[in-house]
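# Close look at the chain arrangement
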Amino acid sequence: MYMNNEGCKASEFIDVDTGPTFVLRGSVVTMNDLNEVIENGRVIVSLGKIVCILEAGQSLPPEYNSVPEILTGGTIYPGLLDLHNHFVYNVLPLWRVPERYQNRTQWPKKREYVSNISLPIRALAGYSRTARAIVRYVEAKALIGGTTTGQGIRTRVQGGIRLFHGAMRNVEETNDYRLPEAGTLVQNLQNNSEAINKFRRDLETHTAFFYHLCEGVDTSTRHYFTQLIENDLIRKSLVGIHALALKPEDFNTLANQGAKVVWSPFSNLLLYGQTLDLATLKESGVRFSIGCDWSPTGSKNLLQELKVARHVVENQGAAFNSRDLVRSVTADAAAVTGWQQHLGVLKGGSMADILVIDGTGGDPYDRLIDATEADVNLVVVNGVARYGNRDFMEMLNVVPEQAPEPLLVGGKKKAFQLFDPDSQLADLTVRDASEILRDAMADLPAFLSSVKDDNARLISLGVEHPQPFVLELDNEYAPNPNEPSAPGVSADWDNIAKSIDLDSFVVNSDNYWPLIEAQNNISDELRRVLKEAYQ
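Residues numbered from 1 in each chain as written. Predicted model: local features only at pLDDT ≥ 70, side-chain atom pairs only at ≥ 80, totals over all residues. Heavy atoms only, no water.

The subject of this paragraph is the overall build of the protein. Within the protein, the secondary structure is distributed over 16 helices and 20 strands. The C-alpha radius of gyration of the protein comes to 23 Å, within 12% of the 24 Å expected for a compact globule of 535 residues. Overall, the C-alpha framework of the protein stretches about 70 × 60 × 45 Å when taken along its three principal axes. In the protein, which comprises 535 residues, the share counted as buried stands at 59%. When contacts within the protein are restricted to residue pairs at least 6 apart in sequence, those whose partners lie at least 24 apart make up 74%. For the protein, the computed accessible surface area is about 20,900 Å², with 46% contributed by carbon and sulfur atoms. Where the 50 positive side-chain charges of the protein centre and where its 68 negative ones centre are 1 Å apart. (Helix = DSSP H or I, 4+ residues; strand = E, 2+ residues; numbered from the N terminus. Rg over C-alpha atoms; globule rule 2.2 N^0.38 Å. Buried < 20%, exposed > 50% of the residue type's maximum accessible area, 1.4 Å probe, protein only. Contact = heavy atoms within 4.5 Å. Areas by Shrake-Rupley, 256 points an atom, 1.4 Å probe, with all protein chains shown as cover. Lys, Arg positive; Asp, Glu negative; His and termini not counted. Charge placed at Lys NZ, Arg CZ, Asp CG, Glu CD.)

Below, the structure is given as structure tokens:
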């Protein structure tokens, strides 16, 4: 017996949350320390929490006999945590990476990159109508792939910067005393006392501080690790994203200090033609999680990234298994952020962030990695159903006056419920956001011209903030003050691409496979593995 009825009493935190009460039936993959899997179990959810989990044959406590029960026909997991993603860019399609690079300072200078990624996203993110559409679209895209937590979408509203609160959790701003908020530094740490002292304060004041550490494969990139050593900046709170240039002894140093790593294998392979040595990672014992990076040079969602990760494990003959990989986006990812008491595991009292994948039987960890977007039956965040099979979403709808928004994925009827009356996007559907973005991206020069005209008109009318809702970009190249300026990096709007496709929600789309075929730095074997997984 996994948990008796005594365990179904409300948790100590349940009264501070809101949300409906319902029961999910299916195979339950707890991701707890014992890695328990409960066949034909039931998960009772109430007021944003998991009340308890029942094994087959256990009776529901009487107070839950009349609540909705969803026969999911699937396998129930904790919601997925994506701890490395630049979400705003995820409207852009996969970039045809023209060559193999040595470090992260090289590819942002390329004219092809500036024309097709940097300038288009600057234009789209800087205009309120398209900026709002981006937020709605990329959050929907993440939910379709089972993600319930990601890094923040930073907005500038009426001149002030803040993080957008939507349907997913945000590691950088949780507004919940149980979930410590993370800090982030995307650009390389500058070698001056002010920057170093701020980095130290960030490490000391955050449970998790995410730093893009040593993204590259050349020897000079490792300098950013030795810089941390020299300034005593290897701390338990440090989370090194990529860590690609590190040596075995460097991973040992991270492990000894309790620091962590975020691995983004597809991005590494697409840009640099190689990724982490997993034997070194395993031997060091460093706790790691997996992140998508972004759609221009990474995966569309964690389901795709897990497939790439499993391929790398098999290709390297590494001593990781599918359970390890699933833990890296659930229980271990929650531990990276310091949220392990409340998220990443299915147990009584934990927050109800839940993913249901279609089907049962076989290895439950491979089932998740094998899943495509069409297999996502339900995504619940803080006890609220945000996306899933249309009939489930109708049963669990928390906004009676607002029907779930329908969508077809792989021929299956799905639906969103993203409505929040307090949100600045309350009036914006996923369908409308998609149309706004497609229209703008179909003729980017014309879009730019219309934005300039609109801004000039509003300024002439005395409007203080012509664009009251815009997005802050977190991955724009910022050259070192000592580095000579590179051609094409500045915003020369005449070089913007004429048009760009809106990236599709799902991997198996007509325009995606030609982009995979055009990649120079991934193997034919990986191309085959991905195609077979989705077709």
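Okay, helix α4 (residues 223-230) next. Within the span of α4, buried status applies to Tyr-224, Phe-225, Gln-227 and Leu-228. Down the axis of α4, the buried set is contained in an arc of 155°. They therefore lie on one face. Buried-residue contacts for α4 involve α3 (193-205), β11 (209-213), β12 (238-242) and α5 (248-256). At the C-terminal side of α4, Asp-232 shows a positive phi close to 55°. (Arc of directions from axis to C-beta.)

Let us look at the environment of Ile-234. Note that Ile-234 resides in the loop between α4 and β12. Taking relative accessible area as the criterion, Ile-234 reaches 6% and is therefore assigned buried. Separated by 23 residues in sequence, Ile-234 and Gln-257 place their C-alpha atoms 6.6 Å apart. Not counting residues within four places of it along the chain, the set of residues in contact with Ile-234 comprises Phe-225, Leu-228, Ile-229, Thr-253, Leu-254 and Gln-257.

In spatial order, the strands read β10-β11-β12-β13-β14; together these five strands make up an open sheet with parallel pairing. Of all the strands in the sheet, the pair left with one neighbour each is β10 (183-185) and β14 (287-290). Strand-to-strand twist across the sheet, computed as the mean angle between neighbouring axes with direction ignored, equals 25°. Relative to β11, β10 is paired through three bridges, and the arrangement is parallel. The partner of Gly-183 across the bridge, within β11, is Phe-209. Lying on the sheet, α4 is in contact with β11 and β12; it crosses β11 at an angle near 135°. (Pairing = 2+ DSSP bridges. Axes fitted to C-alpha atoms, helices over the stretch in contact; angles between N-to-C directions.)

So, about the pairing of strand β6 (residues 147-150). Of the pairings in the sheet, the one linking strand β5 (residues 80-81) to β6 comprises two bridges and is parallel in character. Paired with Leu-81 across the bridge in β6 is Thr-149. Where β6 meets strand β9 (residues 169-170), two bridges bridge the pair, whose relative direction is parallel. Residue pairing across strands places Thr-149 opposite Arg-169, the latter belonging to β9.

Moving on: the packing of helix α6 (residues 265-272) against helix α8 (residues 302-316). The contact between α6 and α8 brings their axes to 8 Å, and the two run at 70°. Relative to α8, the element α6 lies roughly perpendicular. Contacts between α6 and α8 involve Pro-265, Phe-266 and Leu-269 from the former and Gln-304, Glu-305, Val-308, Ala-309 and Val-312 from the latter. Of the residues contributing to the contact of α6 with α8, the split by class is six nonpolar, one polar and one charged. (Parallel < 35°, antiparallel > 145°, perpendicular 65-115°, else oblique. Nonpolar A, V, L, I, M, F, W, Y, C, P; charged D, E, K, R; others polar.)

Attention shifts here to the confidence of the model for the protein. Mean pLDDT over the protein: 92, with 93% of residues reaching 70 or higher. Counting interchain partners and residues more than four positions distant, the pLDDT-below-50 stretch residues 1-6 has 20 contacts. The low-confidence segment residues 481-489, where pLDDT is below 50, has 13 contacts with residues more than four positions distant or belonging to other chains. (pLDDT = per-residue confidence, 0-100.)

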